[in-house]
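Structural description and commentary
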Amino acid sequence: MKIKYNSNMNKQELVSAIAEKAGITKADAEKAINAFVDTTKETLAKKESIQLIGFGTFSVSERAARTGRNPQTGKEIQIAAKNVAKFKAGKALDESIN
């Protein structure tokens, strides 16, 4: 399988690429991806971060409440505070794409 680098990769393409690179079945690759996604969600839900040296850091940041505008009416609205997921690329990842 040829890995596409100049287009968006969907989950099934990612599963195929990981299976090929790791020499494992697509089913095992999908289990690994699902486990990574689930673990990341659970960790971020506890407001903890995940640091993968050379790749990047997943973390949670609090976005304060603020006043916004309804684009259709121009009327001011209150936007509630919320937690947002963030990803900061590591140095090695940054260097690999530039």
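Since the structure is predicted, the reported quantities are computational estimates derived from the model, not experimental observations.

Even without being glycine, Lys47 reaches a positive phi, approximately 60 degrees. Structurally, the position occupied by Lys47 is in the loop between α2 (26-45) and β1 (50-52). By relative accessible area, which is 52% here, Lys47 ends up exposed.

Note on placement: Phe58 falls in strand β2 (residues 56-63). Taking C-alpha positions, Phe58 is 4.6 Å from Phe87, a pair spaced 29 residues apart along the chain. Other than its neighbours up to four places away in sequence, Phe58 contacts Phe36, Thr40, Leu44, Ser49, Ile50, Leu52, Lys86 and Phe87.

Under the counting rule described, the total for this entry stands at three aromatic pairs. Ring centres 6.0 Å apart and planes at 65 degrees place the aromatic pair Phe36 and Phe58 in the edge-to-face group. Residue Phe36 is located in helix α2, and its partner Phe58 is located in strand β2; the two are separated by 22 residues in the primary sequence. A relative accessible area of 39% places Phe36 in the partly exposed class. Taking 5.5 Å as the distance between ring centres and 55 degrees as the angle between the ring planes, the aromatic pair formed by Phe55 and Phe87 counts as tilted. One end of the pair, Phe55, is in the loop between β1 and β2; the other, Phe87, is in strand β5 (residues 82-89), and 32 residues separate them in sequence. Note on Phe87: relative accessible area 37%, which makes it partly exposed. Three or more aromatic residues link up through ring pairs in this structure, and these residues are Phe36, Phe55, Phe58 and Phe87.

Its twelve residues give helix α1 (residues 11-22) an end-to-end C-alpha distance of 16 Å, which sits within 8% of 16 Å, the value for a rise of 1.5 Å per residue. By the burial criterion, the buried members of α1 are Glu13, Val15, Ser16, Ala17 and Ala19. Elements in contact with the buried residues of α1: α2. Here α1 starts with a cap whose side-chain oxygen sits 3.1 Å from the backbone nitrogen of Gln12, and that cap is Asn10. One or two steps after α1, the chain reaches Gly23, where phi turns positive at roughly 70 degrees.

Here is what the cut-offs are and how they apply
Residues numbered from 1 in each chain as written. Predicted model: local features only at pLDDT ≥ 70, side-chain atom pairs only at ≥ 80, totals over all residues. Heavy atoms only, no water. Helix = DSSP H or I, 4+ residues; strand = E, 2+ residues; numbered from the N terminus. Buried < 20%, exposed > 50% of the residue type's maximum accessible area, 1.4 Å probe, protein only. Contact = heavy atoms within 4.5 Å. Phe/Tyr/Trp six-rings, centres within 6.5 Å; stacked < 30°, edge-to-face > 60°. Expected span 1.5 Å × (residues − 1). Polar contact = N/O pair within 3.5 Å; in protein donor to acceptor, adjacent residues only side chain to side chain.

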